[in-house]
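Results of the structural survey
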Amino acid sequence: MPAGINRQWLLANRPEHFPDEPIGERNFRWSESPIPSPGEGQLLLRNLWFSFDPTQVFLMMYYDEQNKESPGIPIGGAMRGLTVSEVVESRMPGFRAGDMVHGYSGWEDYSLSDGHGYFETTQVPAGIAPNLAAGTLGVTGMAAYFGVVEVGRPVPGETFVVSAAAGGVGSIAGQIAKILGLRVIGIAGGKEKCAWLTGEAGFDGAIDHRSEDVGARLTELCPNGIDIYFDNVGGAILDLALARLRSHGRVVLCGGTSRYGLETPPPGPSNYLALVMVNARMEGLLARDYAARFPEAAAVMLPWLRSGQLRSKEDVVLGLEHAPNALARLFTGANVGKQLLKVVDPSTSVAP
């Protein structure tokens, strides 16, 4: 076990008035303690890269110790998320010091893990950079891949629309649809994001929901309707997409950031009967359901990345001390691409 101090962010108070009051450092407390020692069946992990996802707000809002898969975080507990880490010491079969792994860890320099959780701890394949393992080739990219391929069931020539298109999942989902021969329209917030979508990401069109009439622009850019709508936000934009579905259209429900944290959730989509009128399908997506097939998706996506067909857009914050601000960026729309935070480089014993 290394000697030294373990820096941590602990949950100080729950975001009771989110989203009206933004998440920030006031919700957390900085702490320093000795680096822990692993017990039998545990790993001591040195955390390298953190992934930030909107659903982390639910970990902050609720705590139920009876929920073994996702109990939330008690007040005073370390905030956590999906992380790429290096094994420092292993007392668990199948892992050894120097392995690079992907799983849940606390917002801290060093974490103890038994390898279990909502996502199991798995080894990162050799040759995969830790930032890619935390984002495009991690759960974020897997949600995009299986949401498009398995739930969306794309056919070349179809029209594909994605909301939060410049975010971690949306940016990858839209590019995958484009690679597979679809016409892709992205909805995002701000001119910079829309310019990236139609430029580097290669989308056929982009809609700025901050300055444009989304419904009018959807009608303009999708004159024959929408075949696949990949939804990351819910709310009014979902209703607008439902109204424009083509016969046998598909809606992939990946997220609902417009609803997260509301004390009184708004009614469901008012336009859901549009599904009946065009024999369409709306299906939820949980990336965890495809966990056993993640290597299959990575084997397809890695050549796309290496050839430049798929661009991994990352918004990287440096330093553990900035973790609360990195999470807050997701809810202000400041991030362009996948929100990550880098703590430290792996040791030389880890394969690049």
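See the structure above.
Because the structure is a prediction, the values reported are computed rather than measured.

**Points about the packing of aromatic side chains**
The geometry of two aromatic rings is summed up by the distance between their centres and the angle between their planes. Scanning the entire structure with this criterion turns up ten aromatic pairs. Aromatic side chains W9 and F28 sit 6.4 Å apart centroid to centroid with 75° between the ring planes, which places their arrangement in the edge-to-face category. A residue pair is termed long-range when its members are at least 10 positions apart, and W9 in strand β1 (residues 5-11) and F28 in strand β2 (residues 28-34) qualify at 19 residues. F28 carries the same exposure label as W9, and that label is buried. Judged by centre distance (5.0 Å) and plane angle (40°), the ring pair of F28 and W107 falls under tilted. Residue F28 is found in strand β2, and its partner W107 is found in the loop between β5 (100-106) and β6 (110-113); the two are separated by 79 residues along the sequence. W107 sits in the buried class, given a relative accessible area of 0%.

**Let's talk about the sheet that holds strand β13 (residues 281-284)**
Where strands meet in a sheet, backbone hydrogen bonds hold them as pairs that are either parallel or antiparallel. With parallel pairing, the six strands of this open sheet are ordered in space as β10-β9-β8-β11-β12-β13. Both outer strands of the open sheet, β10 (205-208) and β13, are each paired with one neighbouring strand and no more. For this sheet the average axis-to-axis angle between neighbouring strands, irrespective of direction, equals 15°. The pairing of strand β8 (residues 159-162) with strand β9 (residues 183-188) spans four bridges and is parallel. Each residue of the ladder has a partner; that of F160, found in β9, is V184. In the packing of helix α6 (residues 214-221) onto the sheet, the strands contacted are β8, β9, β10 and β11 (226-231), and the crossing angle to β10 comes to about 170°.

**Things to note about the pattern of salt bridges**
Counted by the stated rule, this structure contains 18 salt bridges. One salt bridge connects R91 with E40, and the closest N-O pair in it is separated by 2.9 Å. Taken together, the residues span a long stretch of sequence, with R91 in the loop between β4 (80-90) and β5 and E40 in the loop between β2 and β3 (43-51) at a distance of 51 residues. On the basis of relative accessible area, E40 is assigned to the exposed category, the value being 65%. One salt bridge connects R217 with E212, and the closest N-O pair in it is separated by 2.9 Å.

**Brief notes about the pairing of β3**
With eight of nine residues buried, β3 is to be regarded as a mostly interior element. In this sheet, β4 lies alongside β3 in antiparallel orientation, the contact comprising seven bridges. Of the residues in β4, the one forming a bridge with N47 is S85. For β3 and β6, the ladder comprises four bridges, and the chain directions are antiparallel. Bridging across to β6, L45 finds its partner in S111. Here three bridges tie β3 to strand β15 (residues 338-342), and the two strands are oriented antiparallel to one another. If you follow W49 over to β15, its bridge partner there is K342.

**Looking at the environment of E314**
Following the sequence through the fold, E314 ends up in strand β14 (residues 314-318). The partly exposed category is assigned to E314, whose relative accessible area is 23%. Sequence separation between E314 and K338 is 24 residues, and the spatial gap between their C-alpha atoms is 4.7 Å. When sequence neighbours within four positions are dropped, the list of residues in contact with E314 reads N131, L132, V336, K338 and L340. A polar contact of 3.1 Å, which involves the side chain of E314, links it to the side chain of N131. Only 3.4 Å separates the side chain of E314 from the side chain of S312, close enough to count as a polar contact.

**Here's the deal with a nonpolar patch on the surface**
A cluster of nonpolar side chains, contributed by Y272, L273, V276 and M277, occupies part of the molecular surface with about 480 Å² of accessible area. With respect to the element layout, V276 can be found in helix α8 (residues 274-277). Residue classification places V276 among the exposed positions, given a relative accessible area of 56%.

**Some details on the side chain of E108**
With respect to the element layout, E108 can be found in the loop between β5 and β6. Among the polar contacts listed, one links the side chain of E108 to the side chain of Q8, at a separation of 2.6 Å. For E108, the contacting residues outside a window of four places in its chain are N6, R7, Q8, N47, F50, A78 and L320.

Rules used throughout
- Residues numbered from 1 in each chain as written.
- Predicted model: local features only at pLDDT ≥ 70, side-chain atom pairs only at ≥ 80, totals over all residues.
- Heavy atoms only, no water.
- Phe/Tyr/Trp six-rings, centres within 6.5 Å; stacked < 30°, edge-to-face > 60°.
- Helix = DSSP H or I, 4+ residues; strand = E, 2+ residues; numbered from the N terminus.
- Buried < 20%, exposed > 50% of the residue type's maximum accessible area, 1.4 Å probe, protein only.
- Pairing = 2+ DSSP bridges.
- Axes fitted to C-alpha atoms, helices over the stretch in contact; angles between N-to-C directions.
- Contact = heavy atoms within 4.5 Å.
- Salt bridge = Lys/Arg side-chain N within 4 Å of Asp/Glu carboxyl O.
- Polar contact = N/O pair within 3.5 Å; in protein donor to acceptor, adjacent residues only side chain to side chain.
- Patch = residues over 30% accessible without salt bridge, like charges linked within 9 Å, V, L, I, M, F, W, Y side chains within 5 Å.
- Areas by Shrake-Rupley, 256 points an atom, 1.4 Å probe, with all protein chains shown as cover.

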